[in-house]
Amino acid sequence: MEVNPPKQEHLLALKVMRLTKPTLFTNIPVTCEEKDLPGDLFNQLMRDDPSTVNGAEVLMLGEMLTLPQNFGNIFLGETFSSYISVHNDSSQVVKDILVKADLQTSSQRLNLSASNAAVAELKPDCCIDDVIHHEVKEIGTHILVCAVSYTTQAGEKMYFRKFFKFQVLKPLDVKTKFYNAEVSVDCLTDEVFLEAQIQNMTTSPMFMEKVSLEPSIMYNVTELNSVTQAGECVSTFGSRAYLQPMDTRQYLYCLKPKKEFAEKAGIIKGVTVIGKLDIVWKTNLGERGRLQTSQLQRMAPGYGDVRLSLEAIPDTVNLEEPFHITCKITNCSSERTMDLVLEMCNTNSIHWCGISGRQLGKLHPSSSLSLALTLLSSVQGLQSISGLRLTDTFLKRTYEYDDIAQVCVVSSAIKVES
């Protein structure tokens, strides 16, 4: 008959505690009307309660701090701090104590111990303390592995370890949108507007300390999240930029190609990397978090061999009255000369005035020409300008341009200011 030896008791005890900031205590107000049986008893008890705010006893506000009662949530970008203590519960001296703390993620294993040197000896009722810090950079399951090795007085080497598993959650949901604006008439490149939608995914308000865009090497960035009032730059979100749980805020940035790159249309046309967002926030009692997105990319607009852009167009026009627009036609090819023919096709609401099928002549590589056109609208409201066709007679290729721009058409009785 085989008998298993009894499990040996360890001489050391390991305790691990997460270090977090305290929270404000909130009381639950209990009130009643004066005609009820308790009378003013409940109100008097709340006024005498030291945890309530004087004059605001029924608002669930508190002036006291409460120590954390559980592990709490850990969010990406925050700093995880933990207190590790190894205590000698025995009556003998323990030697060569080595405490090691590792953090295991889905992709790597990190050593968080402040020192890898062993402690020579640990007397009874004494302890070894260590505080570890780690900025969380991955979402998902994390395992804190704490291992302790030591030698007893009898020379026996002992070893044990404990595992502490926790989840890292996503604090923010970041969505981006790109808009191409045709604002440059001297080159083939456009400004790019980036809209960043940031949503608070936590259960507590956030103070948005910093939301900035670090552009790539080819762009200069201008933040459009502030206004000038009385000579001072004021945030459009106010002086206290708090973001409540599940609320979303939009940040807008304008990226403009640098001069040395804007002059080379071929280089800027292939660029898809815009930059990355740098977000810094604070929660509760000042816990700081920081996130940097990966490099933001956009699909560069494809103009093909011929590009049509608008140089001038009115915002508002009169119904059934001619108005003028100025277009710019650019040969984006660097090698081939084009012989272009302009055709104008009417739509249900927009009608072109002029000769369709006229020759525009030869257009040399990387050169442009301006074209003044006349239109009128037979329908009120916001109308889209469509129906331009450019045909290259050399290759027998036709380029179609619809939804070029929009104009607001109003009744002729309404005077339109130029």
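No experiment lies behind these values; they were computed from the predicted model shown.

Undergrad: Looking at this structure, how should I read the overall build of the protein chain?
TA: Secondary structure summary: the protein chain contains three helices and 33 strands in total. Among the 418 residues that make up the protein chain, the fraction classed as buried is 38%. Long-range pairs, those at least 24 residues apart, make up 69% of the contacts in the protein chain with a sequence separation of at least 6.

Undergrad: It is not clear to me how unusual backbone geometry should be interpreted in this structure. Could you clarify?
TA: Negative phi is the rule for most residues except glycine; trans is the rule for most peptide bonds. Not every positive phi belongs to a glycine, and Asp96 is a case in point at roughly 50°. The backbone of Glu320 sits at a positive phi, close to 60°, despite the residue not being glycine. Tracing the backbone shows Glu320 in the loop between strand S24 (316-318) and strand S25 (323-331).

Undergrad: What should I look at first to understand the packing of aromatic side chains in this one?
TA: What characterises a pair of aromatic rings is the spacing of the ring centres plus the angle enclosed by the ring planes. Applying the stated criterion across every chain yields a total of three aromatic pairs. Ring centres of Phe80 and Phe166 lie 4.8 Å apart, and the angle between their planes is 25°; on these two criteria the pair is classed as stacked. Of the two residues, Phe80 sits in strand S5 (residues 79-88) while Phe166 sits in strand S11 (residues 157-169), which places them 86 residues apart along the sequence. Here Phe80 and Phe166 have matching classes, each one buried. Note that Arg249 overlies the ring of Phe237, its terminal NZ or CZ placed 4.6 Å from the centroid.

Undergrad: How should the sheet that holds strand S28 (residues 358-363) be read in this particular structure?
TA: Think of a sheet as strands paired side by side through backbone hydrogen bonds, with each pair either parallel or antiparallel. Spatial strand order, S28-S26-S31-S32: four strands in an open sheet with antiparallel pairing. Strands with a single pairing partner mark the edges of an open sheet, and in this sheet they are S28 and strand S32 (397-401). Sheet twist, expressed as the mean angle between neighbouring strand axes with direction ignored, is 25°. Bridging between strand S31 (residues 388-392) and S32 involves five bridges; their strand directions are antiparallel. If you follow Thr391 over to S32, its bridge partner there is Thr398.

Undergrad: What exactly am I supposed to notice about the confidence of the model for the protein chain here?
TA: In this model, the protein chain carries an average pLDDT of 82, and 88% of its residues clear a pLDDT of 70 or more. Counted against residues more than four places away or in other chains, residues 1-6, with its pLDDT under 50, gives zero contacts. Low pLDDT, under 50, characterises residues 183-188; the stretch is placed with 11 contacts to residues that sit more than four places away or in other chains.

Undergrad: For this particular structure, what's the right way to read the sheet that holds S25?
TA: Taking strand neighbours across the sheet as the criterion, the four strands line up as S23-S25-S29-S27 in an open arrangement whose pairing is antiparallel. Edge positions in the open sheet fall to strand S23 (306-312) and strand S27 (350-353), since each of these has one partner strand only. Between one strand axis and the next, the sheet turns by 40° as a mean value, whatever way the strands run.

Undergrad: Would you take a moment to explain the side chain of Arg18 for this structure?
TA: One can find Arg18 in strand S1 (residues 12-18). One buried charged residue, Arg18, forms no salt bridge at all, with the nearest opposite charge on Glu78 at 4.6 Å. Here Asn73 takes part through its backbone oxygen, which lies 3.3 Å from a polar atom of the side chain of Arg18. With near-sequence residues (within four places) excluded, Arg18 lies in contact with Phe71, Gly72, Asn73, Ile74, Phe80, Ser81 and Ser82.

Undergrad: Can you help me understand the pattern of salt bridges in this one?
TA: Proximity of charged atoms lets side chains of opposite charge pair with each other. The final tally for this structure, using the stated rule, is nine salt bridges. Asp102 is the partner of Lys100 in a salt bridge, and the nearest nitrogen-oxygen pair spans 3.9 Å. When its relative accessible area of 39% is taken as the criterion, Lys100 is described as partly exposed. The residue Asp102 makes a salt bridge to Arg109 at a minimum N-O spacing of 3.3 Å. On the basis of relative accessible area, Asp102 is assigned to the buried category, the value being 8%. We classify Arg109 as partly exposed; its relative accessible area is 45%. Members of the salt-bridge network, linked through shared partners, are Lys100, Asp102 and Arg109.

Parameters and conventions
- Residues numbered from 1 in each chain as written.
- Predicted model: local features only at pLDDT ≥ 70, side-chain atom pairs only at ≥ 80, totals over all residues.
- Heavy atoms only, no water.
- Helix = DSSP H or I, 4+ residues; strand = E, 2+ residues; numbered from the N terminus.
- Buried < 20%, exposed > 50% of the residue type's maximum accessible area, 1.4 Å probe, protein only.
- Contact = heavy atoms within 4.5 Å.
- Phe/Tyr/Trp six-rings, centres within 6.5 Å; stacked < 30°, edge-to-face > 60°.
- Lys NZ or Arg CZ within 6 Å of the ring centre and 35° of its normal.
- Pairing = 2+ DSSP bridges.
- Axes fitted to C-alpha atoms, helices over the stretch in contact; angles between N-to-C directions.
- pLDDT = per-residue confidence, 0-100.
- Lys, Arg positive; Asp, Glu negative; His and termini not counted.
- Salt bridge = Lys/Arg side-chain N within 4 Å of Asp/Glu carboxyl O.
- Polar contact = N/O pair within 3.5 Å; in protein donor to acceptor, adjacent residues only side chain to side chain.

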